[in-house]
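Spelled out, the chains give:
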Amino acid sequence: AGRMPTLELRDASTKNIIPVNNDAGPLKWYACGPTVYDATHLGHARTYVTLDLVRRAAETIGGATIDFAMGVTDIDDKIIKRAAELGMEPLELSR
């Protein structure tokens, strides 16, 4: 019988290459989300499609269970600046 392929990912916090499997419990994954201050573009979609493909591979090939969290920035300097240019409140712009 053929051997199942293995999947390895680079742990950004330690720089180590780690095998993706369920041996050590769920894979804990944090990704930075969007900072919404202007029109969406194809580059935004690329980020989320790539992330989804890697997640699916980790679950399917690696057999991993994933605890996933994504941060979404609703206020930062870019949002405050753009809101001032448009004459609106920063929270209104970011929603």
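Source: prediction; values computed, not measured. (Residues numbered from 1 in each chain as written. Predicted model: local features only at pLDDT ≥ 70, side-chain atom pairs only at ≥ 80, totals over all residues. Heavy atoms only, no water.)

## Here's the deal with the overall build of the protein chain
A tally of helices and strands in the protein chain yields three helices and four strands. Listed by position from the N terminus, the elements making up the protein chain come as β-β-β-α-β-α-α. Taken against the 2.2 N^0.38 rule, which gives 12 Å for 95 residues, the C-alpha radius of gyration of the protein chain at 18 Å runs more than 25% over that of a compact globule. Once the C-alpha set of the protein chain is aligned to its principal axes, its extents read approximately 65 × 25 × 20 Å. For the protein chain, contacts bridging at least 24 residues in sequence account for 57% of all contacts bridging at least 6. A total of about 7200 Å² of accessible surface is found on the protein chain, and carbon and sulfur atoms cover 56% of it. Seen as two clouds, the 11 positive and the 13 negative side-chain charges of the protein chain have centres 6 Å apart. (Helix = DSSP H or I, 4+ residues; strand = E, 2+ residues; numbered from the N terminus. Rg over C-alpha atoms; globule rule 2.2 N^0.38 Å. Contact = heavy atoms within 4.5 Å. Areas by Shrake-Rupley, 256 points an atom, 1.4 Å probe, with all protein chains shown as cover. Lys, Arg positive; Asp, Glu negative; His and termini not counted. Charge placed at Lys NZ, Arg CZ, Asp CG, Glu CD.)

## Some words on unusual backbone geometry
Phi angles above zero are rare outside glycine, and Lys15 is one such case at about 70°. As for its position among the elements, Lys15 is in the loop between strand E1 (8–10) and strand E2 (17–19). Given a relative accessible area of 54%, Lys15 falls into the exposed group. (Buried < 20%, exposed > 50% of the residue type's maximum accessible area, 1.4 Å probe, protein only.)

## Focus: the confidence of the model for the protein chain
Considering every residue of the protein chain, the mean pLDDT works out to 83; 96% of them sit at 70 or more. At the level of individual helices and strands, the protein chain shows its lowest average pLDDT in strand E3 (residues 27–35), which scores 82, and its highest in helix H2 (residues 77–86), which scores 89. (pLDDT = per-residue confidence, 0-100.)

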